[in-house]
Amino acid sequence: MPKTLVISIDALITADVERLRALPNLGRLMRDASVVKNIECIYPTLTYPCHTTIVTGCYPDKTGIVHNERLQPNAVKAEWNWWAKDIRVPTVIDYAREAGKTTSTVTWPVMCGMNADYNIGEIWAPTDRDDPAPYFAKADSPKTHDIFEKNKHMLNWMRTPEMDEFAAQCACDILQIEQPDLMLIHFSYVDHQRHAVGVHGELSHAFAFVDKQVGRVLDALDKRNAFEDTVFIVLGDHGQLELERMFHINTVLRDRGLIDVKDGVITGWRAYSQSCSLSAHIHLAPDADEKAVYQELLSIKAEYPDMIESVFTREEAKRLYHLEGDFSFVLEAGDKVCFSKDVASKSYVTAINDFHEYKPSVSNHGHLPCKGDKPPFIMKGPGIKRNIEISQGRLIDEAPTILKTLALQMPSADGVSMDQLFE
């Protein structure tokens, strides 16, 4: 039975496929590979919900992971949804372990505390001044303690490209010990650079960097003479959209009496918007009048039609997009608009570059899955058809497809295996 290595390149889009072919290491994986283009993502198109769907085959209403971050309105930088225990359905790691397979995840989102044999979490300390070791000690599996200690000097808090270099070296060190039957690796530098330069900006350096990290992993496999016996899967999680303006919806809610603020700090709220950048989750206090808040949101949309494209009720979000959480409404932003979390902006609408919240960027995501560029799903290796091309697919189908490479099924998934990729 071949081994399976899954490489996630965050924000990889179908338009990048030809670029991959020209790179020395990813190009090696692209030779004779089969490609599913334009993968339909989930809502919202954020890294952590998307990566959770990739490993569960389920929509967010089942996984329980609906946002990158936890709801912490006054936090400068909220904690992220790092922990695998919060995923409400089985993952590919669970199924593989149940079948007696060895498993590994390396900086894969929402895998902290996962019971993989070799687990290196994606987590960081509260600030760049804090020691990361206690946080990784809780997130990682016992077998990777020495690997983390050996490589922790490479980390620069949550920043890339250092996190990706750390991930590649940890993966290589795991492969020196043994090659797991299923290994998942996440690289985030392309996503970070797209935020900085735009969806189709100058990304040659970012792709060359990620290609170098992939090359290090392939070298480790070559040392085991394992390349030909490995199924490789290269995938992306979401696209991005270009941005020009920010809409400070929480400042609007403040001025409409729904958020209480003193000295820039929220002291109470009836309705609060948790930004997903290009969408937002509207949370209500237990005693809030849901119908009245809905009318306020419709009124704001009518007053700022360029800022808010849609207001979805809880029922509409679930029925249309399989999205459900502890929020009552979902807002989708207008064209080239994102939502901020700010409660004290001097203006309701600002240019992206005029606002100094930590998230604004020239392109971002969190939008409806029907919009913009979409990621590919690429397969190569034993038992995989060569050089076939499929025009579209679904993110929920990726987990069952990953497990099929190990001759396993995934009955808990919303999706199904892409059998047309297999010989």
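Remember, it's a predicted structure, so these values are computed and weren't measured experimentally.

Visitor: Tell me about the nonpolar core, and please be specific about residues and values.
Guide: Counting residues in each nonpolar core, the largest one holds 103 residues, and the members touching the most others are Leu29, Val92, Val106, Phe166, Leu182 and Phe377. Beyond its immediate stretch of four places on either side in the chain, Leu182 contacts Thr4, Val6, Val92, Ile93, Ala96, Thr102, Thr103, Ser104, Ile402 and Leu406.

Visitor: Tell me what's going on with the packing of helix H8 (residues 162–177) against helix H10 (residues 204–223), and back it up with residues and numbers.
Guide: Close contact between H8 and H10 brings their axes to 8 Å; oriented N to C, the two are set at 5 degrees. Judged by the angle between their axes, H8 and H10 are roughly parallel. Contacts between H8 and H10 involve Asp164, Glu165, Ala168, Gln169, Ala171, Cys172 and Leu175 from the first element and Phe209, Val210, Gln213, Arg216, Val217, Ala220 and Leu221 from the second. Residues belonging to the contact of H8 with H10 are distributed by class as follows: 9 nonpolar, 2 polar and 3 charged.

Visitor: Can you explain helix H9 (residues 189–197)? Please cite residues and give values.
Guide: By the burial criterion, the buried members of H9 are Tyr189, Val190, Asp191, Arg194 and His195. For H9, the secondary structure elements touched by its buried residues are strand S1 (3–9), H8, strand S6 (182–187), H10 and strand S18 (363–364). Gly198 sits one or two residues past H9 and shows a positive phi near 105 degrees.

Visitor: Break down the pairing of S1 for me, citing the residues and quoting the values.
Guide: Of all 7 residues making up S1, 6 are buried, and the element is well covered by its neighbours. As defined by bridge partners, S1 adjoins strand S7 (residues 230–235) across 6 bridges and the pair is classed as parallel. The partner of Thr4 across the bridge, within S7, is Val231. Where S1 meets S6, 6 bridges bridge the pair, whose relative direction is parallel. Note that in S6 the partner of Ser8 across the bridge is His186.

Visitor: Can you explain the sheet that holds strand S2 (residues 34–36)? Please cite residues and give values.
Guide: Spatial strand order, S5-S4-S6-S1-S7-S19-S2-S20: 8 strands in an open sheet with mixed pairing. Taken across any chain shown, the strands that pair with only one partner, and hence form the sheet edges, are strand S5 (118–121) and strand S20 (389–390). In this sheet, S20 lies alongside S2 in parallel orientation, the contact comprising 2 bridges. Looking across to S20, one finds that Val36 is bridged to Ile390.

Visitor: Describe the pairing of strand S12 (residues 271–275), naming the residues involved and giving the relevant values.
Guide: With 5 of 5 residues buried, S12 is to be regarded as a mostly interior element. Of the two faces of S12, the one lined by Ala271, Ser273 and Ser275 and the one lined by Tyr272 and Gln274 are each fully buried. The sheet contact formed by S12 and strand S13 (residues 279–284) spans 5 bridges and is antiparallel. When the sheet's bridge partners are listed, Tyr272 is paired in S13 with His283. Connecting the antiparallel pair S12 and S13 is a turn made up of 3 residues, with Ser277 showing a positive phi of about 70 degrees.

Visitor: Before we move on, can you summarise the pattern of salt bridges with the specific residues and values?
Guide: A complete count under the given rule lists 26 salt bridges for this structure. The residue Lys150 makes a salt bridge to Asp173 at a minimum N-O spacing of 2.9 Å. Within this pair, whereas Lys150 is found in helix H7 (residues 145–151), its partner Asp173 is found in helix H8, the two being separated by 23 residues in sequence. Among the charged side chains, a salt-bridge network with shared partners connects Asp61, Lys318 and Glu324.

Visitor: Now, about the packing of H9 against H10: what can you tell me, with residues and values included?
Guide: Contact geometry of H9 with H10 gives a least axis separation of 9 Å together with a crossing angle of 170 degrees. By the angle between their axes, H9 is roughly antiparallel relative to H10. Residues Tyr189, Val190, Gln193 and Arg194 of H9 form the contact with H10, whose own contacting residues are His205, Ala206, Phe207, Phe209 and Val210. Here the contact of H9 with H10 is composed, by residue class, of 6 nonpolar, 2 polar and 1 charged.

Visitor: Describe the sheet that holds S12, with residues and values.
Guide: Taken in spatial order, the 4 strands line up as S12-S13-S15-S14 in an open sheet, and their pairing is antiparallel. Edge positions in the sheet fall to S12 and strand S14 (308–313), since each of these pairs with one other strand and no more. Averaged over all neighbouring strand pairs, the angle between strand axes comes to 25 degrees, with direction disregarded. In this fold helix H13 (residues 314–321) packs onto S14 and strand S15 (329–333), with an angle of close to 100 degrees to the strand it touches most, S14.

Visitor: Pulling in residues and values, what's your account of unusual backbone geometry?
Guide: Put simply, Tyr43 and Pro44 share a cis peptide bond, and its omega is 0 degrees. Here Pro44 is to be found in the loop between strand S3 (39–40) and helix H3 (47–56). Note the cis peptide between Thr160 and Pro161, where omega equals 15 degrees. Within the element layout of this structure, Pro161 appears in the loop between H7 and H8. Even without glycine at this site, Val110 takes up a positive phi of about 60 degrees. Secondary-structure assignment places Val110 in the loop between strand S4 (103–108) and S5.

Conventions used here
Residues numbered from 1 in each chain as written. Predicted model: local features only at pLDDT ≥ 70, side-chain atom pairs only at ≥ 80, totals over all residues. Heavy atoms only, no water. Core = buried A, V, L, I, M, F, W, Y, C linked by side-chain atoms within 4.5 Å. Buried < 20%, exposed > 50% of the residue type's maximum accessible area, 1.4 Å probe, protein only. Contact = heavy atoms within 4.5 Å. Axes fitted to C-alpha atoms, helices over the stretch in contact; angles between N-to-C directions. Helix = DSSP H or I, 4+ residues; strand = E, 2+ residues; numbered from the N terminus. Parallel < 35°, antiparallel > 145°, perpendicular 65-115°, else oblique. Nonpolar A, V, L, I, M, F, W, Y, C, P; charged D, E, K, R; others polar. Pairing = 2+ DSSP bridges. Salt bridge = Lys/Arg side-chain N within 4 Å of Asp/Glu carboxyl O.

Read these as spatial facts, not as claims about activity.
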